[in-house]
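# A look at the structure
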Protein chains: 4
Amino acid sequence: MVCPALTRCFNVFYGLPMIDHDSPVPVYRQLVDILRGQIERGELAPDRPIPSVAQLVGTYGIARGTAVKAVQVLVRDGLAYTVTGKGTYVRRREATSET
Amino acid sequence: MVCPALTRCFNVFYGLPMIDHDSPVPVYRQLVDILRGQIERGELAPDRPIPSVAQLVGTYGIARGTAVKAVQVLVRDGLAYTVTGKGTYVRRREATSET
Amino acid sequence: MVCPALTRCFNVFYGLPMIDHDSPVPVYRQLVDILRGQIERGELAPDRPIPSVAQLVGTYGIARGTAVKAVQVLVRDGLAYTVTGKGTYVRRREATSET
Amino acid sequence: MVCPALTRCFNVFYGLPMIDHDSPVPVYRQLVDILRGQIERGELAPDRPIPSVAQLVGTYGIARGTAVKAVQVLVRDGLAYTVTGKGTYVRRREATSET
DNA sequence: GTGGTCTAGACCACA
DNA sequence: GTGGTCTAGACCACA
């Protein structure tokens with residue numbers, strides 16, 4: 001692959017992860033949904049880092065606090081875990097779903 | 001051209017605004033020059049927001065202090081102004097340039 | 001006097017800085033006068049923070065816009081300055097007053 | 001009782017609810033603990049409003065966002081509920097504790 | 001580098 | 001009036 005920025009751009013272009021500032025859905029909620037989708041589809045794999053707060057800010061053009069809030073929701077919902085000073089990672093799904 | 005995001009991406013891809021960490025020119029200086037260029041070419045239009053410090057950190061992969069320094073230089077040089085709670089904006093050029 | 005909080009409370013109790021909603025003087029003007037008085041008497045010292053807008057709202061039971069207006073007047077009049085991410089502070093008096 | 005402000009001041013004076021900005025415990029956490037204590041001791045009664053965000057800001061001298069965060073934690077923990085445009089109230093304790 | 005908390009203030013819907 | 005979200009940036013501990 002030639003260029004990660006280009007790749008990301010195509011993703012943007014094809015409309016997958018975009019923030020709509022005019023939506024009634026809060027921005028941090030939209031970001032939670034985007035990340036949750038990437039985790040569920042396996043684009044963000046278990047025990048691999050999710051984008052850092054700084055990257056989310058750069059990618060989606062949002063305020064830092066908003067990105068932090070979204071990540072905290074993921075952690076609170078058990079989809080990710082934070083390692084102090086290192087980053088936030090995708091939580092391994094429990095094999096114990098009540099299916 | 002269909003998509004501004006794509007356009008911007010190609011710019012990135014073709015190397016226009018990139019930081020060279022091996023250059024003797026300090027990184028914050030390089031960033032100032034990039035932003036000043038975007039302002040002068042009108043890519044960042046008067047009274048429109050410039051990227052936030054956090055966004056610059058994510059976009060260019062630089063340290064926070066470096067981005068802060070660059071933005072401070074822009075404000076000091078009268079190229080941008082900050083509105084608390086809103087953002088940092090490109091200053092309208094005075095029509096009184098000594099042309 | 002043992003406790004600054006107690007002291008301040010007595011001031012409040014004894015009616016020094018109070019807003020009179022029935023006065024013909026606009027509320028924001030009254031607030032400006034209160035704050036200006038506190039600054040001039042040194043109760044709010046140079047380079048020390050003044051109460052935030054939200055705090056003034058809670059303390060005086062006034063509308064947000066009213067508190068904002070009062071603070072803006074103080075800043076415009078050169079009695080205070082705002083540092084983003086830190087607070088709004090009392091401006092040091094120039095030693096050059098036309099005494 | 002003569003004066004609510006005085007009353008509150010005595011509370012402050014006798015050290016019950018104070019915020020320690022130098023504590024390693026985050027300010028919003030300290031505020032959660034203060035309010036939780038007042039609820040558990042019945043000082044804030046079921047279906048009665050807790051102090052508004054503006055009041056908390058004025059009383060404790062903290063930023064608005066910090067007060068909002070504390071209140072949201074109370075709501076998330078099931079100790080309070082919010083009525084849009086009205087305020088936040090103490091939740092009636094379930095009689096169904098698993099004691 | 002990382003996330004977390006804090007400061008300020010602006011804008012919003014709802015009542 | 002109420003709480004909620006958003007903007008900005010500052011400072012911190014940890015690695």
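Scroll up a little and you will see the structure.
Conventions we followed
Residues numbered from 1 in each chain as written. Chains lettered and ligands numbered in written order. Predicted model: local features only at pLDDT ≥ 70, side-chain atom pairs only at ≥ 80, totals over all residues. Heavy atoms only, no water. Near = heavy atom within 4 Å. Polar contact = N/O pair within 3.5 Å; in protein donor to acceptor, adjacent residues only side chain to side chain. Nonpolar A, V, L, I, M, F, W, Y, C, P; charged D, E, K, R; others polar. Phe/Tyr/Trp six-rings, centres within 6.5 Å; stacked < 30°, edge-to-face > 60°. Buried < 20%, exposed > 50% of the residue type's maximum accessible area, 1.4 Å probe, protein only. Lys NZ or Arg CZ within 6 Å of the ring centre and 35° of its normal. Axes fitted to C-alpha atoms, helices over the stretch in contact; angles between N-to-C directions. Helix = DSSP H or I, 4+ residues; strand = E, 2+ residues; numbered from the N terminus. Parallel < 35°, antiparallel > 145°, perpendicular 65-115°, else oblique. Left-handed = near helix turned anticlockwise from the far one by under 90°. Contact = heavy atoms within 4.5 Å. Expected span 1.5 Å × (residues − 1). Arc of directions from axis to C-beta.

Around DNA strand F, a shell composed of 35 residues is seen, among which V27, A63 and T66 of chain A, G85 of chain B together with A63 of chain C lie nearest. Protein-proximal atoms of DNA strand F, defined as those within 4 Å of the protein, fall in sugar or phosphate at a share of 72%. Within the backbone of G85 of chain C, one N or O atom sits 3.3 Å away from a base nitrogen of DNA strand F. Interatomic distance of 3.0 Å between a side-chain N/O atom of R64 of chain D and a base nitrogen of DNA strand F. A class-by-class count of the residues in the surface near DNA strand F yields eleven nonpolar, 16 polar and eight charged.

What follows is about the packing of aromatic side chains. Residue and element names in this part refer to chain A. Scanning all chains against the criterion turns up four aromatic pairs over all chains. Look at Y81 and Y89: their rings are 5.7 Å apart centre to centre, the planes differ by 25°, and that puts the pair in the stacked class. The class of Y81 is partly exposed, set by a relative accessible area of 28%. The ring of Y28 is capped by K69, whose NZ or CZ atom sits 4.7 Å from the centre of that ring.

Near DNA strand E you find 36 residues, and of these A63 of chain B, G85 of chain C together with V27, A63 and T66 of chain D are the closest. Within 4 Å of the protein, the contacting atoms of DNA strand E are drawn from sugar and phosphate to the extent of 73%. Between DNA strand E and G85 of chain A there is a distance of 2.9 Å, counted from a base nitrogen to a backbone nitrogen or oxygen. Here T66 of chain D contributes a side-chain N or O atom positioned 2.6 Å from a phosphate oxygen of DNA strand E.

Moving on, we come to the packing of helix α3 (residues 53-60) of chain D against helix α4 (residues 64-76) of chain D. All names here are of chain D. Between α3 and α4, the least distance of the axes is 9 Å, while the angle of their chain directions is 120°. Between α3 and α4, the angle falls in the class oblique. Crossing geometry of α3 relative to α4 is assigned as right-handed. Counted together, V53, L56 and V57 of α3 and R64, A67, V68 and V71 of α4 form the full contact between these two elements. Classifying every residue of the contact of α3 with α4 gives six nonpolar, no polar and one charged.

This next bit is on helix α4 (residues 64-76) of chain B. Residues and elements named next belong to chain B. The end-to-end C-alpha separation of α4 is 18 Å, in line with the 18 Å expected for 13 residues at 1.5 Å each. Taken residue by residue, α4 has T66, A67, A70, V71, V73 and L74 as its buried positions. Buried positions in α4, seen along its axis, are confined to an arc of 155° and lie on one side of it. Contacts from the buried residues of α4 go to α2 (27-40), α3 (53-60) and β1 (80-83). Positive backbone phi, at 80°, marks G78, one or two positions downstream of α4.

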